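Residue-level structural notes
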Amino acid sequence: GMGLLMLLGFWNFQALAQQTGNPIIQDKYTADPAALVHQDKVYLYAGHDEAPAGKEHYVMNEWLVYSSSDLKNWTEHPVPLKAKDFGWAKGDAWASQVIEREGKFYWYATVEHGSIKGKAIGVAVADNPLGPFKDARGSALITNDMTTGQTSISWDDIDPTVFIDDDGQAYLYWGNTQCYYIKLKKNMIEQDGPIHTVDLPNFTEAPWLHKRKDWYYLSYAYQFPEKIAYAMSRSATGPWEYKGILNEVAGNSNTNHQAIIDFKGKSYFIYHNGSIPTAGGSYRRSVCIEELHYNADGTMKRIQMTTE
Ligand code: FUB
């Protein structure tokens, strides 16, 4: 009797572990997830944390791409983009996001600029979600010089999130300490109009813009160590109403960085933590996925993390 019960309990546990499978990538350290749903698959783009155990700073030279049709089994594909594929960049494959427009895939990515002090945002393009991606402009889309005066830091031009509204207008939000946004031209590689600033409580970095039903959501890394908080609006440009914390500090990592998607009738929150033993941590992070639930009023329920 008891033995059988324990065995059943063990099986249940195994099934759960397989189902959630966090962290979803365990043979490499992955950070700053961005996800794209395209033709019944999810494409996961992540920075590759390459810092050896004991090195407490970022070593990130390239991004990785994975695909899945069930969010359980992930296939890794060849390295789709490296920081130095932007000829004007010095390195640092920080946070990024990929979006499709008219059969082309545009990848907005943070890198360290080679000649303008500080971080910058480039855009690469491919004709399929796996790449290979190529620099679409030959120059940065956003550089530190363009936002000087807004903040005194050289790393405020990081963490792009891109979104195309129902009317076809594309927006790029980004920032560290200060959140910014611009409109993009239809070609997706040029700025259309001025840089705007957005003020959000305790904004650190990692904005992610998404829409569901009639609500726009701007989620972001909040304070440091980072929680994920969010605001809602009836438009892609605000005004934004702060709604609270969506996810707590994720185990053993100072940063947290989210992607939010709908896939096959469910919603998901994709993020990173530092949970891989024994070297995992702030500079050796791992991507995880949780189901996300919305309330009837459009607000999002707090994420229940299945690993720490
Ligand atoms: O991974 C490098 C930087 O750390 C990202 O750009 C930020 O969002 C934070 O995760």
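All values reported here derive from a predicted model rather than from experimental measurement.

Helix and strand counts for the protein chain stand at 2 helices and 21 strands. In summary, the protein chain has a C-alpha radius of gyration of 19 Å against a globular reference of 19 Å for 308 residues, a match within 12%. In the protein chain, which comprises 308 residues, the proportion classed as buried is 44%.

Another aspect to go through is the sheet that holds strand E12 (residues 170-176). Spatial ordering of the open sheet is given by E11-E12-E13-E14, a layout of 4 strands whose pairing is antiparallel. What marks the edges here is a single partner per strand, and that holds for strand E11 (161-164) and strand E14 (191-198). In this sheet, neighbouring strand axes are inclined to one another by 20° on average, regardless of whether the strands run parallel or antiparallel. With 4 bridges connecting them, E11 and E12 associate as antiparallel partners.

Turning to the sheet that holds strand E20 (residues 266-273), a few remarks are in order. The strand order E19-E20-E21 describes an open sheet built from 3 strands, whose pairing is antiparallel. Of all the strands in the sheet, the pair left with one neighbour each is strand E19 (259-263) and strand E21 (286-292). Pairwise comparison of adjacent strand axes, ignoring direction, gives a mean angle of 30° for this sheet. Of the strand pairs in this sheet, E20 and E21 are connected by 7 bridges, and their pairing is antiparallel. Paired with Phe-269 across the strands is Glu-290, a residue of E21.

Here Gly-244 is to be found in strand E18 (residues 241-247). Spatially, the C-alpha atom of Gly-244 lies 33 Å from that of Glu-62, the residues being 182 residues apart in sequence.

Further remarks concern the nonpolar core. Formed by 85 residues in total, the largest nonpolar core has its most connected members in Ala-35, Leu-44, Val-98, Tyr-106, Trp-107 and Tyr-220. Beyond its immediate chain neighbours, meaning those up to four positions away, Trp-107 contacts Leu-81, Ser-96, Val-98, Val-123, Ala-124 and Phe-133.

Here we take up unusual backbone geometry. Comment: phi is negative for the bulk of residues other than glycine, and the bulk of peptide bonds are trans. For the bond running from Asn-22 to Pro-23, omega is -15°, close enough to zero to count as cis. You can see Pro-23 is positioned in the loop between helix H1 (2-20) and strand E1 (29-38). The residue after Gly-131, namely Pro-132, is reached through a cis peptide bond having omega 10°. Relative to the assigned elements, Pro-132 resides in the loop between strand E9 (119-126) and strand E10 (134-135). In the Ramachandran plot, Asp-32 falls in the positive-phi region, its phi being about 55° despite a non-glycine side chain. Mapped onto the secondary structure, Asp-32 falls in strand E1.

Here 5 bridges tie strand E13 (residues 178-184) to E14, and the two strands are oriented antiparallel to one another. Bridging across to E14, Tyr-180 finds its partner in Thr-197. With antiparallel pairing between neighbouring strands as the criterion, E13 and E14 make up a hairpin whose turn holds 6 residues, including Met-188 at a positive phi of roughly 70°.

Turning next to the pairing of strand E3 (residues 62-68). Inspection of the sheet shows strand E2 (residues 41-49) paired to E3 by 6 bridges, in the antiparallel sense. Residue Val-42 lies in a different strand from E3, and its bridge partner there is Ser-68. Of the strand pairs in this sheet, E3 and strand E5 (residues 81-82) are connected by 2 bridges, and their pairing is antiparallel. Counterpart to Trp-63 in the pairing with E5 is Leu-81.

Every one of the 13 residues lining the ligand counts as a neighbour, but Trp-94, Ala-95, Ala-206, Thr-255 and His-257 are closest to it. Residue assignment for the shell around the ligand shows that the elements contributing at least two residues are E1 and strand E15 (203-212). Taken together, the residues that form the shell around the ligand break down as 6 nonpolar, 4 polar and 3 charged.

Let's shift gears to the UniProt feature "active site" (unreviewed entry) in the protein chain. Those residues carrying the UniProt feature "active site" (unreviewed entry) are Asp-32 and Glu-205 in this numbering. These annotated residues cover 174 residues of sequence, and their C-alpha atoms all fall within 11.1 Å of one another, placing them together at a single site. For Asp-32, a count of 30 C-beta atoms within 10 Å gives the class buried. Excluding residues that lie within four positions of it along the chain, Asp-32 makes contacts with Ala-46, Gly-47, Trp-94, Ala-95, Ser-96, His-257 and His-272. Tracing the chain through its elements places Glu-205 in strand E15. Once residues within four sequence positions are removed from consideration, Glu-205 is found in contact with Ile-158, Asp-159, Gly-175, Asn-176 and Ala-221.

Rules behind the numbers
- Residues numbered from 1 in each chain as written.
- Predicted model: local features only at pLDDT ≥ 70, side-chain atom pairs only at ≥ 80, totals over all residues.
- Helix = DSSP H or I, 4+ residues; strand = E, 2+ residues; numbered from the N terminus.
- Rg over C-alpha atoms; globule rule 2.2 N^0.38 Å.
- Buried ≥ 20, exposed ≤ 12 C-beta atoms within 10 Å, placed from the backbone.
- Pairing = 2+ DSSP bridges.
- Axes fitted to C-alpha atoms, helices over the stretch in contact; angles between N-to-C directions.
- Core = buried A, V, L, I, M, F, W, Y, C linked by C-beta atoms within 7 Å.
- Contact = placed C-beta atoms within 7 Å.
- Near = placed C-beta within 6 Å.
- Nonpolar A, V, L, I, M, F, W, Y, C, P; charged D, E, K, R; others polar.
- UniProt positions renumbered as here; feature names shortened; annotations may be inferred.

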